[in-house]
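Here is what each chain is made of, one letter per residue.
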Amino acid sequence: MQTALRTALPETELAGRANFAPHARVAREERPVQGSGLPLTIRGLRKSFGDNEVLRGIDLHIPAGQFVAIVGKSGCGKSTLLRLIAGLEKIDSGSISFGDAAVQPEDIRVMFQEPRLLPWARVLSNVEVGLGRDRASKDAHARAEQALTEVGLTDKRDQWPSVLSGGQKQRVALARALVSRPRVLAFDEPLGALDALTRISMQRLLERVWRDQGFTAILVTHDVAEAVALADRVLVIDEGRIAHDVVVNAGRPRERGSAELASLEASILSHLLSAEDRT
Ligand SMILES: Nc1ncnc2c1ncn2[C@@H]1O[C@H](COP(=O)(O)OP(=O)(O)OP(=O)(O)O)[C@@H](O)[C@H]1O
Ligand SMILES: [Mg+2]
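Residues numbered from 1 in each chain as written. Chains lettered and ligands numbered in written order. Predicted model: local features only at pLDDT ≥ 70, side-chain atom pairs only at ≥ 80, totals over all residues.

### Points about the nonpolar core
How we decide: Note on definitions: a nonpolar core is a set of buried residues drawn from Ala, Val, Leu, Ile, Met, Phe, Trp, Tyr and Cys, linked by C-beta atoms within 7 Å. Each residue is classified by how many other C-beta atoms fall within 10 Å of its C-beta atom, where C-beta atoms are placed from the backbone; a count of 20 or more means buried, 12 or fewer means exposed, and values in between mean partly exposed. Going along the chain from the N terminus, every DSSP run of H or I of four or more residues is numbered as a helix, and every run of E of two or more is numbered as a strand. Residue pairs qualify as contacts under a 7 Å threshold applied to their C-beta atoms, which are placed from the backbone.
If you look at the biggest cluster of nonpolar residues, it comprises 69 residues, and the most contacted ones within it are Ala-175, Ala-231 and Val-234. Of all the elements, helix α5 (residues 166-178) adds the most residues to this core, at six residues. Ignoring anything within four residues of it in the chain, the contact list for Val-234 reads Ala-69, Val-71, Ala-227, Val-228, Val-246, Val-248 and Ile-268.

### Quick word on the environment of Gly-214
Residue position: Gly-214 is located in the loop between α6 (196-213) and β7 (216-220). Taking C-alpha positions, Gly-214 is 7.7 Å from Arg-183, a pair spaced 31 residues apart along the chain.

### Some thoughts on the pairing of strand β6 (residues 184-188)
To keep it simple, the criterion reads: By definition, two strands form a pair when at least two bridges between them are found by DSSP. Think of it like this: strands point away, you trace from the first strand over the helix to the second, and a clockwise trace means the crossover is right-handed.
Counting buried positions along β6 yields five of five residues, so the element is predominantly enclosed. Burial along β6 is two-sided: the residues Val-184, Ala-186 and Asp-188 and Leu-185 and Phe-187 are all buried. Here strand β5 (residues 108-111) runs beside β6; their pairing, made up of four bridges, is parallel. Across the sheet, residue Met-111 finds its bridge partner in β6, namely Phe-187. Bridge count between β6 and β7: five bridges; the pairing is parallel. Residue pairing for β7: Ala-186 is matched across the bridge by Ile-218. Chirality of the crossover, the property in question, places the unit of β6, α6 and β7 among those that are right-handed.

### Describing the sheet that holds strand β1 (residues 40-49)
Let me state the cut-off plainly: Helix axes are fitted to C-alpha atoms over the stretch in contact, other axes to C-alpha atoms as well, and angles between N-to-C directions run from 0 to 180 degrees.
Ordered in space as β2-β1-β4, the three strands form an open sheet in which the pairing is antiparallel. Of all strands in the sheet, those bounded by a partner on one side alone are β2 (52-62) and β4 (93-97). Strand-to-strand twist of the sheet, defined as the mean angle between neighbouring strand axes without regard to direction, takes the value 20°. Where β1 and β2 come together, eight bridges link them in antiparallel fashion.

### With respect to helix α4 (residues 140-150)
Residue pairs spaced three or four apart in an α-helix point in one direction, given the helix's 3.6 residues per turn. We apply this condition: Within this analysis, the arc is defined by the directions that extend from the helix axis to the C-beta atoms.
For α4, every residue scored as buried is listed here: Arg-143, Ala-144, Ala-147 and Leu-148. End-on view of α4: buried residues confined to an arc of 140°, all on one side of the axis. Exposed residues on α4 whose side chains face more than 90 degrees from its buried face are Ala-142 and Thr-149. Looking at the buried residues of α4, the elements they touch are α3 (123-128) and α5. Note on α4: the residue one or two positions beyond its end, Gly-152, has a positive phi of about 70°.

### As for the site of ligand 1
Test applied: Being near a molecule or strand means, for a residue, that its C-beta atom, positioned from the backbone, comes within 6 Å of it. The classification used treats Ala, Val, Leu, Ile, Met, Phe, Trp, Tyr, Cys and Pro as nonpolar, Asp, Glu, Lys and Arg as charged, and all other residues, Gly among them, as polar.
In the neighbourhood of ligand 1, the contacting residues comprise Phe-49, Asn-52, Val-54, Gly-72, Ser-74, Gly-75, Cys-76, Gly-77, Lys-78, Ser-79 and Thr-80. Those elements that provide at least two residues to the shell around ligand 1 are β2 and α2 (78-85). With three residues, the top contributor of residues to the shell around ligand 1 is α2. Looking at side-chain class alone, the shell around ligand 1 contains three nonpolar, seven polar and one charged residues.

Any link to function would need more than the numbers given here.
Below is the structure:
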């Protein structure tokens, strides 16, 4: 197993594991064209900021291609966990590994709540940024166009980000994350700032691209209805650990508002409320 790096790296959407082994480049030629999901195993993960002990022993295995949602009260360490997984933050102790694969920077991506587009670059160029070092390759344009098609924004390719709606900006950010065919895609409340209708249409889009591309998805959300609508499994973080690990067995496409999902949602909410009551 290859253990992820622990270097503190500048904040970037492209997970920045700087010292990927040189042999990873060789492995790259052999990987499937279609990015397939990587499994993720976390053991005894701890992280503190000063004397604030945020994560106090996270143990978790996510099989390749699973869609996991993470919920928990504000400040419980959800974003910290994502940033550790993406290599954007240094762990104190424990390990994070991605099966036997030679993990490369493009394999693990994070999409944030703010789209973080470059205002001086047109939509297509913003998507190309997601290619990282492949940006100079001959097929960069074609790959970026393909990613824009996947999010239904081909007609906006020559626009400036400033003329896009919030939902369209998030779709560009999604295309930028998808363009490198990530094998793990982590979302940190990506839909939190969208209106209810746009949010539902983005949820459907996320589910579709996840099904089409097979990456392992980790979604941090405050919206428990969103978690049960999208995920195979919902993790509740409390007091620095995974307090509940709830399997969502409902078939897909999911019927929003169904009795089955509503009852799961209610039970997860009650876990969250009891965590809140203790503070
Ligand atoms: N770079 C940092 N330096 C110091 N403290 C930090 C840093 N990043 C996070 N923290 C602290 O770690 C704790 C967890 O923060 P984190 O952002 O992971 O929470 P969260 O669960 O994502 O919350 P929210 O739901 O509000 O986004 C908080 O107490 C926060 O203040
Ligand atoms: Mg957060």
